[in-house]
Amino acid sequence: MIRKVNKAVKIASEREIVISSIKVALVVGCVLNLINQGEKLIALDFKQLNLLKFFITFSVPYMVSTYASVKVKLERERV
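Residues numbered from 1 in each chain as written. Predicted model: local features only at pLDDT ≥ 70, side-chain atom pairs only at ≥ 80, totals over all residues. Heavy atoms only, no water.

## Side note on the overall build of the protein chain
At step 1: Along the backbone of the protein chain there are three helices and zero strands.
At step 2: Each helix (α) and strand (β) of the protein chain, taken in turn from the N terminus, gives the series α-α-α.
At step 3: Projected onto the principal axes, the alpha-carbon positions of the protein chain cover approximately 50 × 20 × 15 Å.
At step 4: The buried share of the protein chain, taken over its 79 residues, is 24%.
At step 5: In the protein chain, 71% of the contacts between residues at least 6 apart in sequence involve partners at least 24 apart.
At step 6: For the protein chain, the exposed surface amounts to about 6200 Å²; the carbon and sulfur share of it is 68%. (Helix = DSSP H or I, 4+ residues; strand = E, 2+ residues; numbered from the N terminus. Buried < 20%, exposed > 50% of the residue type's maximum accessible area, 1.4 Å probe, protein only. Contact = heavy atoms within 4.5 Å. Areas by Shrake-Rupley, 256 points an atom, 1.4 Å probe, with all protein chains shown as cover.)

All we've got here are geometric facts, nothing functional implied.
Okay, structure coming up:
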(Lines give C-alpha, C1' and ligand atoms only; values in the text may rest on other atoms or scores of the structure.)
Protein backbone atom coordinates (compact mmCIF):
# COMPACT_ATOMS: atom_id res chain seq x y z
CA MET A 1 0.00 0.00 0.00
CA ILE A 2 2.73 2.47 0.97
CA ARG A 3 4.68 1.58 -2.17
CA LYS A 4 1.66 2.30 -4.31
CA VAL A 5 1.14 5.68 -2.63
CA ASN A 6 4.83 6.54 -3.02
CA LYS A 7 4.69 5.57 -6.69
CA ALA A 8 1.55 7.67 -7.20
CA VAL A 9 3.19 10.70 -5.55
CA LYS A 10 6.29 10.23 -7.70
CA ILE A 11 4.17 10.10 -10.87
CA ALA A 12 2.12 13.13 -9.75
CA SER A 13 5.36 15.06 -9.32
CA GLU A 14 6.59 14.40 -12.85
CA ARG A 15 7.25 17.59 -14.75
CA GLU A 16 4.91 16.86 -17.68
CA ILE A 17 2.01 15.97 -15.39
CA VAL A 18 2.50 19.06 -13.22
CA ILE A 19 2.65 21.35 -16.26
CA SER A 20 -0.39 19.72 -17.86
CA SER A 21 -2.38 19.97 -14.62
CA ILE A 22 -1.43 23.63 -14.18
CA LYS A 23 -2.67 24.40 -17.69
CA VAL A 24 -5.97 22.62 -17.03
CA ALA A 25 -6.34 24.39 -13.67
CA LEU A 26 -5.74 27.82 -15.21
CA VAL A 27 -8.29 27.36 -18.00
CA VAL A 28 -10.98 25.57 -15.98
CA GLY A 29 -10.33 27.69 -12.87
CA CYS A 30 -10.77 30.93 -14.80
CA VAL A 31 -14.02 29.75 -16.36
CA LEU A 32 -15.40 28.53 -13.03
CA ASN A 33 -14.37 31.71 -11.22
CA LEU A 34 -16.12 33.77 -13.87
CA ILE A 35 -19.24 31.67 -13.40
CA ASN A 36 -19.11 31.77 -9.59
CA GLN A 37 -17.80 35.28 -8.90
CA GLY A 38 -17.80 36.94 -12.31
CA GLU A 39 -19.63 40.08 -11.29
CA LYS A 40 -17.02 40.81 -8.61
CA LEU A 41 -14.08 40.01 -10.92
CA ILE A 42 -15.42 42.11 -13.79
CA ALA A 43 -16.09 45.03 -11.43
CA LEU A 44 -12.61 44.52 -9.89
CA ASP A 45 -14.32 44.45 -6.51
CA PHE A 46 -11.58 42.50 -4.73
CA LYS A 47 -12.85 43.40 -1.26
CA GLN A 48 -16.02 41.39 -1.89
CA LEU A 49 -14.20 38.55 -3.65
CA ASN A 50 -14.15 35.33 -1.66
CA LEU A 51 -10.44 34.43 -1.86
CA LEU A 52 -10.92 30.94 -0.41
CA LYS A 53 -13.41 30.10 -3.17
CA PHE A 54 -11.15 31.77 -5.72
CA PHE A 55 -8.14 29.58 -4.92
CA ILE A 56 -10.10 26.37 -4.34
CA THR A 57 -11.65 26.87 -7.76
CA PHE A 58 -8.15 26.55 -9.26
CA SER A 59 -6.96 23.74 -7.00
CA VAL A 60 -9.84 21.35 -7.71
CA PRO A 61 -9.24 21.06 -11.47
CA TYR A 62 -5.50 20.72 -10.76
CA MET A 63 -6.14 17.78 -8.44
CA VAL A 64 -8.64 16.13 -10.78
CA SER A 65 -6.29 16.41 -13.74
CA THR A 66 -3.37 15.07 -11.71
CA TYR A 67 -5.46 12.19 -10.36
CA ALA A 68 -6.58 11.21 -13.86
CA SER A 69 -3.03 11.33 -15.21
CA VAL A 70 -1.67 9.24 -12.36
CA LYS A 71 -4.47 6.70 -12.69
CA VAL A 72 -3.87 6.26 -16.42
CA LYS A 73 -0.12 5.90 -15.94
CA LEU A 74 -0.52 3.32 -13.16
CA GLU A 75 -3.00 1.32 -15.25
CA ARG A 76 -0.62 1.32 -18.25
CA GLU A 77 2.16 -0.06 -16.06
CA ARG A 78 -0.03 -2.99 -14.98
CA VAL A 79 -0.56 -4.20 -18.54
